[in-house]
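Observations on the three-dimensional arrangement
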Amino acid sequence: GSLQEGRGKVLKGQDFFLSIWNLHRSPLHWEDAEVFDPDRWRRPTPQHLVDRVNEGKDESDPLMPLWKGYQPNLKTLYPNEKDADFAYMPFGGGPRKCLGDQFALMESVVMLATIFQKFDLELIGNHNPLDALESDVGMNVGATIHTENGLMMKVRRRK
């Protein structure tokens, strides 16, 4: 590959891997990035983070547009890559985005609601969600992320 003034060039046929795990936990894009905060999707990105991402960028450069930050769209059920200006894209983005993203999200909500109505689940072992190395679960990373050792739980039917 070649470099042009600090930019990498991806050549035709070259593999390119973007770590969505890291993107979604980037303190550059998200305040308290490692914290589980479902309400983050109801707030726009703080301006100081948007400014930090755009620092040193030329706003007239069409190849490096300024990041707009996350702007919540409360008319949609789930945040998406367009609302987050591609800082959040669990199903990819653009013309090769997963076609089943909305179905997968709705299916997971229905499945989890059904399970949690009927069962209580309790994690077994040592779990540190911020450090996979300190967790019995472990992490296996490739094109997708998997548990290395499974996710052991006690399951009890609700009364």
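In what follows, the structure referred to is the one given above.
Overview of the structure. Quick caveat: nothing in here was measured; it's all calculated off a predicted structure.

1. Let's talk about the environment of L151
Secondary-structure assignment places L151 in the loop between strand 5 (145–146) and strand 6 (153–157). Judged by its relative accessible area of 45%, L151 is partly exposed. As for L151 and H127, which are separated by 24 residues in sequence, their C-alpha atoms are 9.6 Å apart.

2. A look at the side chain of H29
Tracing the backbone through its elements, the reader meets H29 in the loop between helix 1 (20–24) and helix 2 (47–54). With near-sequence residues (within four places) excluded, H29 lies in contact with L23, T45, L49, V53, W67 and A87.

3. As for a nonpolar patch on the surface
Residues M111, L112, I115, F116, L121, L123, L151, M153 and V155 make up a contiguous nonpolar surface patch of about 760 Å² in total accessible area. Of all the elements in the fold, those that place two or more residues in the nonpolar patch are helix 3 (101–118), strand 3 (119–123) and strand 6. Among the elements that line the nonpolar patch, the one with the most residues is helix 3, at 4 residues. As for its placement among the helices and strands, L112 is situated in helix 3.

4. Side note on helix 2
All buried positions along helix 2 are accounted for by L49, V50, V53 and N54. One side of helix 2 carries all its buried residues, which in axial view fall inside an arc of 130°. G56, located one to two residues past helix 2, shows a positive phi value of around 85°.

What counts, and where the lines are drawn
- Residue positions are counted from 1 within each chain, in the order its sequence is given.
- Residue-level local features of this predicted model are given only where pLDDT is at least 70; pairs of side-chain atoms are given and counted only at 80 or more, and the full residue set underlies all totals for whole chains, interfaces and linings.
- The basis for every side-chain value is the complete set of heavy atoms in the structure, and neither hydrogens nor water enter the calculation.
- Numbering goes from the N terminus for both helices and strands, where a helix is a DSSP run of H or I of at least four residues and a strand is a run of E of at least two.
- Three labels apply to residues, based on accessible area from a 1.4 Å probe with only protein chains included: buried if under 20% of the type maximum, exposed if over 50%, partly exposed otherwise in between.
- Any two residues whose heavy atoms approach within 4.5 Å are treated as being in contact.
- Surface patches are defined over residues having more than 30% relative accessible area and no salt bridge, joining like charges when they lie within 9 Å and nonpolar side chains (Val, Leu, Ile, Met, Phe, Trp, Tyr) when within 5 Å.
- Every accessible area reported is derived by Shrake-Rupley at a probe size of 1.4 Å, with residue values counting cover from the shown protein chains alone.
- The working definition used for a salt bridge is a side-chain nitrogen of Lys or Arg within 4 Å of a carboxyl oxygen of Asp or Glu.
- Directions drawn from the helix axis to the C-beta atoms are what define this arc.

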